[in-house]
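Inside the fold
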Amino acid sequence: MTAAQLTAEPVGEPLPRASFTARHRNALLGGLAVALFFAAWQAIFLILPLNPLFFTTPTQIAAGFVDLVESGDLLHDLAVSAVPFCLGLLAAAVIGVPLGVVMGWRVRIGYALDPVMTVFYASPLVALTPLLVIFFGVGLSGKAIIVFSLAVFPFIFNACAGVRAVDRLLINVVRSLGGRERDIYLKILVPSVLPYIVAGSRIAIGRALIGVLVGEFFAASEGIGYAISRFADIFAIDRMFACILTVMVIAVVLTEAIRWAERTAFPWRAAH
Amino acid sequence: MAGTEALDLDSSTITTGRFGTSALRQRIESIAIGTTAIVLLLVVWELVPHVLPMKSGTRLFFTVPSRIFDTLWEMLATGSIWSPLGVSAAAFAVGLALAIVVGLPLGILLGRSATLNAMFDPFITAFNATPRLVFLPLLMLWLGIGLWSKVAIVFLGALFPLLINTHEGVRNADKRLINVVRSFGAREWDVARLVVIPNALPFIVVGLRLAIGRAILGVVVAEFFGAQNGLGVVMVRAASSFQVDVVFAGLIVFAVLSLIMTGLVQLLEERMSRWRPQRAENE
């Protein structure tokens, strides 16, 4: 075990002709584990007589998924949920990033807003959902505002941290070499703040998903969160699992896409 | 441009303390400005209903800080807050304890074994990316609407920050130190005791801080949708009967508890990482 771990470290030159299995070892092991997991899940019903009211098999989930896709319900629910998700997230970025930049830029504004923002960030704002639903209704605006209120803080804090981390030496270098204000913005500020904002958006996406689900669990008549809680209410476990797995796949795809963007666009930060 | 000048000045006072006691002065200034901002916010909020004309319908949904603190004080004085808070705290404590019991050993194991790590990785990535809330209806079906579905949500929320940070801390252990200890004849247990665990501790503490936040969120959310007792339940009931001040009072209680616990862990974190320059990854 430990030997494998030591050799797995990239020591010096990589071997020129590593075999296919060696090169894709991690992906293969991961795929194998997932396959084993679903096989075991399917097989457990052969051994244990589990109550089909509460438990279901991967094949039934797949059948439920096909049903949902063919009837168009799944796509409809996803589309309904996607609108407040995107609107809330967009508003969070548009408001959060400038606010964070100002907080990082002007020290006194930072002093003033830091404690307030920390209090908001620390308090479980989800708890305001019932009020927001009463204020704004169960439709699009209510959900979008819940998403916004959860997703705005990662943008604020990360933009602020990004501006504070700007290397002052670099600004002086650009100045000494005759750079103009524009150069300071484009060559120093944007490149050093952008990675922070992208990292913040990764966290914000997770929180925005929570926002959509909370809003839809709480009060909605359509949407993927509503679908999950409705299928649970009517004991349609297979379709509920199909929806849950869809949400999981979407969450993973979104998060990994941003990670990939971080690695490709800001390779100098990939080590972090 | 004025903006860039400000950036220049400001960052100079941040990075270098070249004005003698300016560090202390800055500290005092930051606390003073921060407190003023909060007080100002509360005052403005308090004055809103006096300044803005409001329809009686809107007034029903509106509350002011003084009413919220009155309500909070009343809840504390009559003791009506303790029993629901106790129910919530029990779910929080049990879920977090379970997450620690499972997360730490599993994190160490995955940090030491590349094979196991590769096998668990897809599951950890998937569960960590997905809001755990999505499992709530399922957990309510399986575990009922009592303590255990709440515990399960808290557990799922708190497990992954702990697991991932422990794993990161273990993997980050200095290979040379491990080799040195091994050359002196140490076994795997000694390696863990002497190198791996001390190295991972600051990471674990950061994980714990994130886990506490997630756990509190888990308690609140679980109580919103499927529970009979707890502070979250009190808040939902208050919201549906338009007792907005009770909702905010509950929010304050959760926020204060969260800040106190995170603050304590942060103190621990600073104490433990004082001797090392590197910092653990945050989220």
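Residues numbered from 1 in each chain as written. Chains lettered and ligands numbered in written order. Predicted model: local features only at pLDDT ≥ 70, side-chain atom pairs only at ≥ 80, totals over all residues. Heavy atoms only, no water.

1. Digging into the overall build of chain B
The following threshold applies: Only DSSP runs of H or I reaching four residues or more are called helices, and only runs of E reaching two or more are called strands; each is numbered from the N terminus. The cut-offs for exposure are 20% and 50% of the maximum accessible area for each residue type, with area from a 1.4 Å probe on protein chains only; residues under the lower value are buried, those over the upper are exposed, and the others partly exposed. To measure how exposed things are, a 1.4 Å probe is used in the Shrake-Rupley method; for residues, cover is taken only from the protein chains shown.
For chain B, the helix and strand inventory stands at 12 helices and zero strands. Secondary structure of chain B in N-to-C order comes out as α-α-α-α-α-α-α-α-α-α-α-α. Here chain B holds 283 residues, and the buried ones make up 45% of them. As displayed, chain B offers around 14200 Å² of accessible surface, 68% of which is attributable to carbon and sulfur atoms.

2. Considering the overall build of chain A
Using the following cut-off: Only heavy atoms enter the contact rule, under which two residues are in contact if any of them lie within 4.5 Å.
In terms of regular secondary structure, chain A is built from 12 helices and zero strands. Listing the helices and strands of chain A from first to last along the sequence gives α-α-α-α-α-α-α-α-α-α-α-α. For chain A, the spread of C-alpha atoms along the three principal axes comes to 75 × 65 × 30 Å. Counting every position in chain A, which comprises 272 residues, the buried fraction comes to 43%. If you take every contact in chain A between residues at least 6 apart in sequence, the share linking residues at least 24 apart comes to 72%.

3. Thoughts on the domain arrangement of chain B
All names here are of chain B. Test applied: The domain boundaries here were taken from an automatic or database domain assignment. Should a side-chain nitrogen of Lys or Arg be within 4 Å of a carboxyl oxygen of Asp or Glu, the pair is scored as a salt bridge. Whenever a nitrogen or oxygen atom comes within 3.5 Å of another N or O atom, the pair is scored as a polar contact, on the condition that within protein one atom can donate a hydrogen and the other can accept it, and that pairs from neighbouring residues in sequence are kept only if both atoms are in side chains. All amino acids are sorted into three groups, where Ala, Val, Leu, Ile, Met, Phe, Trp, Tyr, Cys and Pro are nonpolar, Asp, Glu, Lys and Arg are charged, and the leftover types, Gly among them, are polar.
Assigned domains of chain B: these are domain 1 (1–62) and domain 2 (63–282). Run the count over domain 1 and domain 2 and you get zero salt bridges. Joining domain 1 to domain 2, the criterion identifies two residue pairs in polar contact (both at pLDDT 80 or more). The leading source of residues in the side of domain 1 that touches domain 2 is helix 2 (residues 22–51), at four residues. Here the side of domain 1 that touches domain 2 is composed, by residue class, of six nonpolar, no polar and one charged.

4. Structural notes on the environment of I212 of chain B
Residues and elements named next belong to chain B. With respect to the helices and strands, the residue I212 is situated in helix 10 (residues 188–225). Residue I212 is classed as buried on the basis of its relative accessible area, which comes to 5%. The spacing of I212 and V191 is 21 residues in sequence and 29 Å in space, taken between C-alpha atoms. Once residues within four sequence positions are removed from consideration, I212 is found in contact with F92, L96, M261 and V265.

5. Points about helix 11 (residues 224–233) of chain A
Since the α-helix packs 3.6 residues into each turn, any two residues three or four apart lie on the same face. With respect to burial, helix 11 of chain A is a largely interior element, seven of its 10 residues being buried. All buried positions along helix 11 of chain A are accounted for by I224, G225, A227, I228, S229, F231 and A232 of chain A. Against helix 4 (58–71), helix 5 (73–105), helix 10 (181–218) and helix 12 (237–265) of chain A together with helix 7 (136–143) of chain B lie the buried residues of helix 11 of chain A. Residue F235 of chain A follows helix 11 of chain A closely and has a positive phi angle near 55°.

6. Remarks on the interface of chain B and chain A
Heads up, the condition is: Throughout, the accessible surface (probe 1.4 Å) given up by two parts as they are put together, summed over both, is called the buried area.
Contact residues are listed per partner, giving 65 residues for chain B and 63 residues for chain A. Of the roughly 6100 Å² buried where chain B meets chain A, counting both sides, 78% is carbon and sulfur surface. The closest approach of N and O atoms between E29 of chain B and R108 of chain A, which form a salt bridge, is 2.3 Å. On inspection of chain B and its partner chain A, the count reaches two residue pairs in polar contact (both at pLDDT 80 or more). By residue number, the principal contributor to the side of chain B that touches chain A is helix 6 (residues 114–129) of chain B, which donates 10 residues.

7. Some words on the nonpolar core
Rules: Here, nonpolar core refers to any group of buried Ala, Val, Leu, Ile, Met, Phe, Trp, Tyr and Cys residues whose side-chain atoms link them within 4.5 Å.
Among the nonpolar cores identified, the biggest contains 119 residues, and L89, I228, M240, C243 and I244 of chain A together with L133 of chain B are the most heavily contacted of them. Of the residues forming this core, the biggest block, 15 residues, is contributed by helix 10 of chain A. When neighbours within four sequence positions are excluded, C243 of chain A is seen to be in contact with L68, L74, I224, A227, I228 and F231 of chain A. Counting residues in each nonpolar core, the second largest holds 10 residues, with I178, A186, V196 and A200 of chain B among its members.

8. As for the pattern of salt bridges
Residue and element names in this part refer to chain A. Per the counting criterion, the structure on display carries 13 salt bridges over all chains. The salt bridge involving R259 is made with E256; its shortest N-O contact spans 3.5 Å. Taken as a pair, R259 and E256 lie in helix 12 at a separation of three residues, close to a single helical turn. Take R259: its relative accessible area is 31%, and that puts it in the partly exposed class.

9. Re unusual backbone geometry
Phi is positive for F235 of chain A, which is not a glycine, with a value near 55°. Note that F235 of chain A resides in the loop between helix 11 and helix 12. A relative accessible area of 35% means that F235 of chain A is categorised as partly exposed. In this structure, F242 of chain B is a non-glycine residue whose phi angle is positive, near 60°. Position of F242 of chain B relative to the elements: it lies in the loop between helix 11 (231–240) and helix 12 (244–272).

10. Points about the confidence of the model for chain A
Low-pLDDT portions of the prediction should not be read for the details of their coordinates. The line we're drawing: The predictor reports its confidence for every residue as pLDDT, a score running from 0 up to 100.
Summary statistics for chain A give a mean pLDDT of 83 and a share of 92% for residues scoring 70 or more. By mean pLDDT, helix 1 (residues 2–8) of chain A is the weakest element of chain A at 42, and helix 5 of chain A is the strongest at 91.

11. Side note on a nonpolar patch on the surface
Residues and elements named next belong to chain B. Going by this rule: Patches were defined on residues exceeding 30% relative accessible area and lacking a salt bridge, with like-charge contacts within 9 Å and nonpolar side-chain contacts (Val, Leu, Ile, Met, Phe, Trp, Tyr) within 5 Å.
A grouping of V94, L98, W142, L143, L147 and W148 is seen on the molecular surface, where their side chains present a nonpolar patch of about 510 Å² in accessible area. Elements represented by at least two residues in the nonpolar patch include exactly helix 5 (82–112), helix 7 and helix 8 (147–171). Along the chain, the position of V94 falls in helix 5.

12. With respect to the confidence of the model for chain B
All names here are of chain B. Within chain B, residue pLDDT values average 81, and 88% of them lie at 70 or more. Taking the mean pLDDT of every element in chain B, the minimum, 38, falls on helix 1 (residues 2–15) and the maximum, 91, on helix 5. The low-confidence segment residues 1–19 (pLDDT under 50) makes 29 contacts with residues lying over four places distant or belonging to another chain. Residue range residues 279–283 is modelled with pLDDT below 50. Its contacts to residues more than four positions away, or to other chains, number 13 contacts. Scoring of the predicted complex yields 0.80 for pTM and 0.77 for ipTM.

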